[in-house]
Amino acid sequence: MFTKLVVASSNAGKVREMQELLRDFDFELALKPPELDIEETGKTFMENAIIKASYIATTLKQWSIADDSGLMVNALNGQPGIYSARYGKTDFDRINRLLTELKYSVDRSAQFVCAIAIANPEGEIVIQTEGICEGEILTETRGDNGFGYDPIFFVPEVNQTFAQMPSELKEKLSHRGKAFANLIPLLKSF
Ligand code: IMP
């Protein structure tokens, strides 16, 4: 069993979050070297997670984990999807763009998706999982927690947006929480 995993991301917050989600294991998680740039050329979240994990693993000859996530809005044919981070310059811009595009839409249904891939030092994908959280896009923001599209993503089963939830509840219901919950038994039996 491997103990060190390089996270294919330049976001230190993501490493901290993964360390927390993988607390049952003794992994040492490290951030990828900043000079290693990865082009996300995939057409799906899973393709992008695989590209990132595989590239970092083969380049560094180490085990690597990558995730890719975003928001798919049904009335926009799944957009912004894999372009969620590139949909505007700031979270404020991205939220405003989405609300403008949905201005006349009655269908507000959407889902957050998270794909995770783990690659061995040869770049082969040994584990892949996905998590989905269904919700609705509100017409205005609600709540101050979280990041990204959290203030407009409403989860009917708990009557709250991601931005209104305490972090433990978001961890339980969110696409990322579910993807990691699916990952854990696979890692245990690996
Ligand atoms: P990445 O997978 O970290 O590159 O995230 C892609 C983009 O999707 C982020 O920049 C956010 O805009 C959006 N996103 C992913 N997960 C969440 C979430 O849990 N809440 C809000 N926005 C998210």
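Glancing now at the site of the ligand. The full set close to the ligand counts 14 residues, and Lys14, Ser69, Asp150, Lys170 and Arg176 are the nearest of them. Between the ligand and the protein, one listed contact pairs an oxygen atom with a backbone N or O atom of Ser69 at 2.8 Å. Interatomic distance of 2.9 Å between a side-chain N/O atom of Lys170 and an oxygen atom of the ligand. Contact with the protein chains hides 86% of the accessible area of the ligand, taken as 480 Å² for the molecule alone. Those elements that place two or more of their residues in the shell around the ligand are strand E3 (64-73) and helix H5 (175-188). Looking at the shell around the ligand residue by residue, the classes come out as 4 nonpolar, 5 polar and 5 charged.

This paragraph deals with the pairing of E3. The side chains of a regular strand alternate, residue by residue, between the two faces of the sheet. Among the 10 residues in E3, 8 count as buried, and that is most of the element. Relative to E3, strand E1 (residues 4-7) runs parallel, the two sharing 2 bridges. Looking at E3, one finds that Val7 is bridged to Ile65. Judged from the 10 bridges that link them, E3 and strand E4 (residues 109-119) form a sheet pairing that is antiparallel.

With 21 residues, the main nonpolar core has Leu22, Ile65, Ile118, Leu183 and Leu187 as its most contacted residues. At the level of elements, E1, helix H1 (12-21), E4 and H5 are the ones that each hand at least two residues to this core. Among the elements that line this core, the one with the most residues is H5, at 5 residues. Sequence-distant contacts of Ile65, defined by excluding residues within four places in its chain, comprise Leu5, Val6, Val7, Ala8, Met18, Leu22, Ala53, Ile116, Ala117, Ile118, Phe180 and Leu183.

In this section: the sheet that holds E3. The strand order across the open sheet built from 7 strands is E2-E1-E3-E4-E5-E6-E7, with neighbouring strands paired in mixed fashion. With one partner strand each, in any of the chains shown, strand E2 (28-31) and strand E7 (160-161) form the two edges of the open sheet. Packed on one face of the sheet, helix H2 (residues 45-60) meets E1, E3, E4 and strand E5 (125-137) and runs near 160 degrees to E3. In the packing of H5 onto the sheet, the strands contacted are E3, E4 and E5, and the crossing angle to E5 comes to about 155 degrees.

What counts as what
Residues numbered from 1 in each chain as written. Predicted model: local features only at pLDDT ≥ 70, side-chain atom pairs only at ≥ 80, totals over all residues. Heavy atoms only, no water. Near = heavy atom within 4 Å. Polar contact = N/O pair within 3.5 Å; in protein donor to acceptor, adjacent residues only side chain to side chain. Areas by Shrake-Rupley, 256 points an atom, 1.4 Å probe, with all protein chains shown as cover. Helix = DSSP H or I, 4+ residues; strand = E, 2+ residues; numbered from the N terminus. Nonpolar A, V, L, I, M, F, W, Y, C, P; charged D, E, K, R; others polar. Buried < 20%, exposed > 50% of the residue type's maximum accessible area, 1.4 Å probe, protein only. Pairing = 2+ DSSP bridges. Core = buried A, V, L, I, M, F, W, Y, C linked by side-chain atoms within 4.5 Å. Contact = heavy atoms within 4.5 Å. Axes fitted to C-alpha atoms, helices over the stretch in contact; angles between N-to-C directions.

Any functional reading would require information beyond the geometric quantities listed.
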